[in-house]
Amino acid sequence: MKILAVDIGGTMIKTGLLNSHGERIQLGSFPMNKDYSTVIDRLISHIDNDYPKDFSGIAISTTGLVDPVTQQIGMDSPLYEGFGNRMVSFLTDYYQKPVIAENDGNCALLAEKWLGRGSGASSFAVIVLGTSVGGGLMVDNQLIRGKHFLAGEFGYMLFPEVEKKDWEIWSIAGATRTLVEQVAAEKKDPSIDGYKVVAYYQQNDPAVTIWVDRFIEKLAVACYNLQYILDPEIVLIGGGISESDFLLPLLEKKIQQIAAQIPSTVRLPNVACCQFGNESNLIGACYNWLLQTFEMKTS
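Scoring rules and cut-offs
Residues numbered from 1 in each chain as written. Predicted model: local features only at pLDDT ≥ 70, side-chain atom pairs only at ≥ 80, totals over all residues. Heavy atoms only, no water. Phe/Tyr/Trp six-rings, centres within 6.5 Å; stacked < 30°, edge-to-face > 60°. Buried < 20%, exposed > 50% of the residue type's maximum accessible area, 1.4 Å probe, protein only. Lys NZ or Arg CZ within 6 Å of the ring centre and 35° of its normal. Domains from an automatic or database assignment. Contact = heavy atoms within 4.5 Å. Buried area = accessible area lost by both parts, 1.4 Å probe. Helix = DSSP H or I, 4+ residues; strand = E, 2+ residues; numbered from the N terminus. Pairing = 2+ DSSP bridges. Core = buried A, V, L, I, M, F, W, Y, C linked by side-chain atoms within 4.5 Å. Axes fitted to C-alpha atoms, helices over the stretch in contact; angles between N-to-C directions. Left-handed = near helix turned anticlockwise from the far one by under 90°.

Colleague: Give me the lowdown on the packing of aromatic side chains, citing residues and values where you can.
Modeller: Counted by the stated rule, this structure contains eight aromatic pairs. When the ring of Y80 is compared with that of F83, the centres are 6.0 Å apart and the planes differ by 75°; the resulting orientation is edge-to-face. Residue Y80 shares its accessibility class with F83, and that shared class is buried. In this structure, K97 is placed above the aromatic ring of F55, and the distance from its NZ or CZ to the ring centre is 4.2 Å.

Here it is in structure tokens:
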């Protein structure tokens, strides 16, 4: 069996053909167009031109909230009106195959539960750092969505932001995109990307080190807080920057520094990086598709 997985992100749309064991057969991508009304047409063109038609269905991982029943993407947000209301139904009709969507943070969590570093844990969290901050929660082997599907939307955590205003959400105050923008402004180089930030840090650039330390501190605070909200067995960190050599050692060190100031600390969070990096959303979407289609067949 082959499943066509689609990962709709803020800057890129990634695609992949996977088998039922989560093994990648083929990968592709194209830039996200800010004219969201064209997303469905561009996706269909990409699939028709680049992939064979022998896949069994389409598994979608997407930024934005997803209603697991109606399959509406980004409900209550006008940002997704260009494609969110009709993407799943349109692709289902067009290809005459099952199409199932899930939030990208939840997909990252499901990938780690299926084949990654969360496979042996019954309760764990995934934090995904990228254009914004997302994630997912699992408790007693159950994906947690919350009443309004906001569980795991860690990007809405508040942090003090004294430079501009009193408070800001984490997705703006501490996402990888924010770190890149801060370093680009410091270096007066708009071409800087995440790879260059890592390179500057590895060269011990003092200006870049300041911004990386602030980035790590917010992540450490979030992990510490999660330990006492959820009490997970492990907190996994995903996104492209999680593949850098410095992130995990810096994060563990910062958590220890924070805990040293809190005499009542009971337990430090157990942190690790996700196994699958930028491909986790595709793998998790595939797993979700397999789970949901199996349920459909047996119900």
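Colleague: Run through the domain arrangement of the chain, naming residues and quoting values.
Modeller: Accessible area lost on assembly of the parts is the figure often given for the size of an interface. According to the domain assignment, the chain contains domain 1 (2-104 + 278-296) and domain 2 (117-274). One C-alpha centre belongs to domain 1, the other to domain 2; they are set 26 Å apart. Residue-level contacts link nine residues of domain 1 with 11 residues of domain 2. Interface of domain 1 and domain 2: buried area, both sides summed, is about 820 Å²; carbon and sulfur atoms make up 48% of it. Of all residues in domain 1, the largest losses of buried area upon contact with domain 2 belong to L65, P68 and N278, amounting jointly to 48% of the total for that side.

Colleague: Now, about the environment of I40: what can you tell me, with residues and values included?
Modeller: Within the element layout of this structure, I40 appears in helix α1 (residues 39-50). Sequence separation between I40 and R86 is 46 residues; the distance between their C-alpha atoms is 9.0 Å. Apart from the residues lying within four places of it in its own chain, the contact partners of I40 are F83, R86, M87 and F90.

Colleague: Go over the pairing of strand β7 (residues 133-139) with me, naming the residues and quoting the values.
Modeller: Looking along a regular strand, one sees the side chains alternate between the two faces of the sheet. Taken across its seven residues, β7 has six buried, putting it largely inside the fold. Alignment of strand β6 (residues 124-129) against β7, held across six bridges, turns out to be antiparallel. By the bridge assignment, V126 is partnered in β7 with G136. Pairing of β7 with strand β8 (residues 142-143) involves two bridges; the strand directions are antiparallel. Bridge pairing links M138 to L143 in β8. Between β7 and β8, which pair antiparallel one after the other, the connecting turn spans two residues, and D140 there sits at a positive phi close to 50°.

Colleague: Provide a residue-level description of the nonpolar core, including the pertinent values.
Modeller: If you look at the biggest cluster of nonpolar residues, it comprises 41 residues, and the most contacted ones within it are I127, L129 and L247. Contributions of two or more residues to this core are made by β6, β7, α5 (176-187), α6 (194-202), α7 (206-229), β11 (234-238), α8 (247-260) and β12 (271-273). No other element matches the 11 residues that α7 contributes to this core. Beyond its immediate stretch of four places on either side in the chain, L247 contacts L129, F215, I216, L219, I237, I241, S242 and C273.

Colleague: Break down the packing of α7 against α8 for me, with residues and values.
Modeller: Packing of α7 against α8 leaves a shortest axis separation of 9 Å and a crossing angle of 65°. In the crossing of α7 with α8, the sense of the turn from one axis to the other is right-handed. Residue-level inspection shows V212, F215, I216, E217, L219, A220, V221, C223 and Y224 of α7 in contact with α8, the latter providing L247, L250, L251, K254, I255, I258 and A259.

Colleague: So what's going on with the side chain of N288? Which residues, and what values?
Modeller: Note that N288 resides in helix α9 (residues 280-298). Residue contacts for N288: discarding those within four places in its chain leaves I100, A101, E102 and L110.

Colleague: Describe the sheet that holds β7, with residues and values.
Modeller: In a beta sheet, neighbouring strands are held together by backbone hydrogen bonds and run either parallel or antiparallel to one another. Read across the sheet, five strands follow the order β8-β7-β6-β11-β12 without closing on themselves; strand pairing throughout is mixed. A strand with exactly one partner marks an edge of an open sheet, and here the two such strands are β8 and β12. Here β6 runs beside β11; their pairing, made up of five bridges, is parallel. Across the sheet, residue V126 finds its bridge partner in β11, namely L236. Against the sheet, helix α3 (residues 104-115) makes contact with β6, β7, β8 and β11, and its axis sits at roughly 50° relative to β7, the strand it touches most.

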